[in-house]
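Reading the structure
Below, each chain spelled out in residue letters.
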Amino acid sequence: MLTPFDDYPIHQTPLPVAHAGDGHPNHYDRYWFNGYAEDVYFAVGLGVYPNRGIIDASFSVVHNGVQRSVFASGLAPLDRTETKIGPISIEVVEPLRVNRIRVDAEEFGLVADLTYRARTSAHEEPRQTMHSGSSLMMDVTRLTQLGTWSGTLRSGDENISLDRRVFGTKDRSWGIRPVGQPAPAAPQARKHQVFFLYAPLHFEDQCLHYMVFEDERGSRWAETSVVLPVIGDDGPVVGADLPVTHVHVEHEIRWAPGLRRSDGATLQVRGGDGDAGRIELEPLLTFRQRGVGYSHPTWGHGNWHGDFAVGGEEFAVEDLDNTAAENIHVQQVMRVQWGDRQGLGVLEQLAIGPHAPSGFEGYFDGARA
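Being a predicted model, the structure only gives us computed values, none of them experimental.

Topic: the packing of aromatic side chains
Per the stated rule, a full pass over the model turns up 14 aromatic pairs. Judged by centre distance (5.6 Å) and plane angle (5°), the ring pair of F71 and W299 falls under stacked. Placement of F71 in strand β4 (residues 66–75) and of W299 in the loop between β20 (277–288) and β21 (308–316) is noted, with a sequence separation of 228 residues between them. You can call F71 buried: its relative accessible area is 1%. One aromatic cluster in this structure is built from F33, F42, F59, Y116 and W149. One Lys or Arg, R172, reaches over the ring of Y31 and ends 4.4 Å from the middle of that ring.

Right, here's the structure in full:
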């Protein structure tokens, strides 16, 4: 099947571009962004699942103790340049440098016109591959890039000022991971286990990106630890000779009592020609990733809701059950101290399964937090 993209010299196989991978139903291609200051956090995601014929998107804001979200899903267009669904659109203004996000969801109290600008080069993380027995669960490439935001944002009846430094992260990933309704299969002999930390941190002259997956024994099976210099408007965003410094990071999470969410954290950085030392992270506010579809009981990624559907939700964060499975995947805005450097960043935490994450004192079964 031909699409407009076939007019560009971008083919990776003898097949037209519309044919993704080897036809695996869990193939996906996804945009994800966050933005934050000390008192506000927002995130937007848009995913295409070409072998399921689905596109979905979501936008969510937490501010003044309330998190609002809008979700949209529908039949995927044949033209992959149509990165929009319902009230949410993501535009590539300049590849890997400038994106524009627009949200028009008055009925759910969310309106935005936001521009992301790269602050660092794009970093390709090591390929992330995981099996469960003989089944391939995950085979993903992801790029991470840190940037800043400008524009307008309204949540509820409040216009949130972006006339200040608003940091953010761009995450582009594609490949195979669990999405949509799973195919019928025998029960797995081994219970699913994930421990994931993700820490993109902004400082005045440079940024640090740390990502790690661990198994139930605390062994790392995927990891990224890099220092990225801040670039100017014309600085290189891709290439073989980018000034990236690889370091080693160890994490220590101070878990909130009874929860899989931090009360703070320490990252110990080693290597990197003077970039060693302790980074202290102090939480300022918490965002539930359900707001952009992760573990959402209704609006999970890649689910079929018909040719077109839009929905939303709003909740006071203090009223949430923080041990419910859909609320344990979080990002926290963090005030950050690295020697003399002061900064701002996020710490994402996902700890699911029957075993405790590293450093966790306590036990929860696989269905709870």
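From this point, the narrative continues.
Things to note about the sheet that holds strand β15 (residues 206–214)
Strand pairing in a sheet takes place through backbone hydrogen bonds and is either antiparallel or parallel in direction. Taking strand neighbours across the sheet as the criterion, the nine strands line up as β17-β16-β15-β14-β23-β22-β20-β19-β18 in an open arrangement whose pairing is antiparallel. Each edge of the sheet is formed by a strand with only one pairing partner; in this case those strands are β17 (245–246) and β18 (248–255). Direction of pairing for β18 relative to strand β19 (residues 262–270): antiparallel, over a ladder of seven bridges. The partner of E250 across the bridge, within β19, is Q268.

Considering the confidence of the model for the chain
Low-confidence regions, as indicated by low pLDDT, have predicted coordinates that should not be scrutinised in detail. For the chain, per-residue confidence averages 90 on the pLDDT scale, and 93% of positions sit at 70 or higher. Predicted confidence is poor over residues 359–369, with pLDDT under 50, and the contacts of this stretch with residues over four places away or in other chains come to 24 contacts.

So, the nonpolar core
Counting residues in each nonpolar core, the largest one holds 31 residues, and the members touching the most others are F59, V103, L114 and L153. Listed in part, the 23 residues of the second largest apolar core include L197, L201, Y210 and V227.

Examining unusual backbone geometry
Of note in the backbone geometry, N64 takes a positive phi value of approximately 55° without being a glycine. Here N64 is to be found in the loop between β3 (54–63) and β4. Take N64: its relative accessible area is 57%, and that puts it in the exposed class.

Here we look at the pairing of strand β10 (residues 128–132)
Only one face of β10 is buried: it carries Q128, M130 and S132, and the other face, with T129 and H131, is open. Direction of pairing for β10 relative to strand β11 (residues 135–155): antiparallel, over a ladder of five bridges. Across the sheet, residue T129 finds its bridge partner in β11, namely D139. In sequence, β10 turns back onto β11 through a hairpin of two residues, with G133 there showing a positive phi of about 65°.

Regarding the environment of S89
Here S89 is to be found in strand β6 (residues 88–94). S89 gets classed as buried once you look at its relative accessible area, which sits at 18%. Excluding residues within four positions of it along the chain, S89 makes contact with T83, K84, R100, I101 and R102.

As for the pairing of β3
Buried residues dominate β3, accounting for 10 of its 10 residues. Burial along β3 is two-sided: I54, D56, S58, S60 and V62 and I55, A57, F59, V61 and H63, pointing in opposite directions, are all buried. Inspection of the sheet shows strand β2 (residues 40–49) paired to β3 by 10 bridges, in the antiparallel sense. Bridge pairing in β3 places V44 opposite F59. Where β2 folds back onto β3 in an antiparallel hairpin, the turn is made up of four residues, including G53, whose phi is positive at roughly 70°. Bridge analysis of β3 against β4 gives 10 bridges, and the strand direction is antiparallel. By the bridge assignment, F59 is partnered in β4 with V70. In this antiparallel pair of consecutive strands, β3 and β4, the connection spans two residues, and N64 shows a positive phi of 55°.

Topic: the pattern of salt bridges
Between side chains of opposite charge, pairing is possible as soon as their charged atoms come close. All chains considered together, the criterion is met by 20 salt bridges. Note that R102 and E91 form a salt bridge whose closest N and O atoms lie 3.0 Å from each other. Taken together, the residues span a long stretch of sequence, with R102 in strand β7 (residues 98–105) and E91 in strand β6 at a distance of 11 residues. Of the residues examined, E91 reaches a relative accessible area of 33% and is grouped as partly exposed. Among the salt bridges present, the one from R165 reaches E204, with a minimum N-O distance of 3.9 Å. Linking R165 in the loop between β12 (158–159) and β13 (167–176) with E204 in the loop between β14 (194–202) and β15, this pair joins segments that are 39 residues apart in sequence. R165 gets classed as partly exposed once you look at its relative accessible area, which sits at 41%. Look at the salt bridges and you will find they share partners, linking E38, E282 and R335 into a network.

Here is what the cut-offs are and how they apply
Residues numbered from 1 in each chain as written. Predicted model: local features only at pLDDT ≥ 70, side-chain atom pairs only at ≥ 80, totals over all residues. Heavy atoms only, no water. Phe/Tyr/Trp six-rings, centres within 6.5 Å; stacked < 30°, edge-to-face > 60°. Helix = DSSP H or I, 4+ residues; strand = E, 2+ residues; numbered from the N terminus. Buried < 20%, exposed > 50% of the residue type's maximum accessible area, 1.4 Å probe, protein only. Lys NZ or Arg CZ within 6 Å of the ring centre and 35° of its normal. Pairing = 2+ DSSP bridges. pLDDT = per-residue confidence, 0-100. Contact = heavy atoms within 4.5 Å. Core = buried A, V, L, I, M, F, W, Y, C linked by side-chain atoms within 4.5 Å. Salt bridge = Lys/Arg side-chain N within 4 Å of Asp/Glu carboxyl O.

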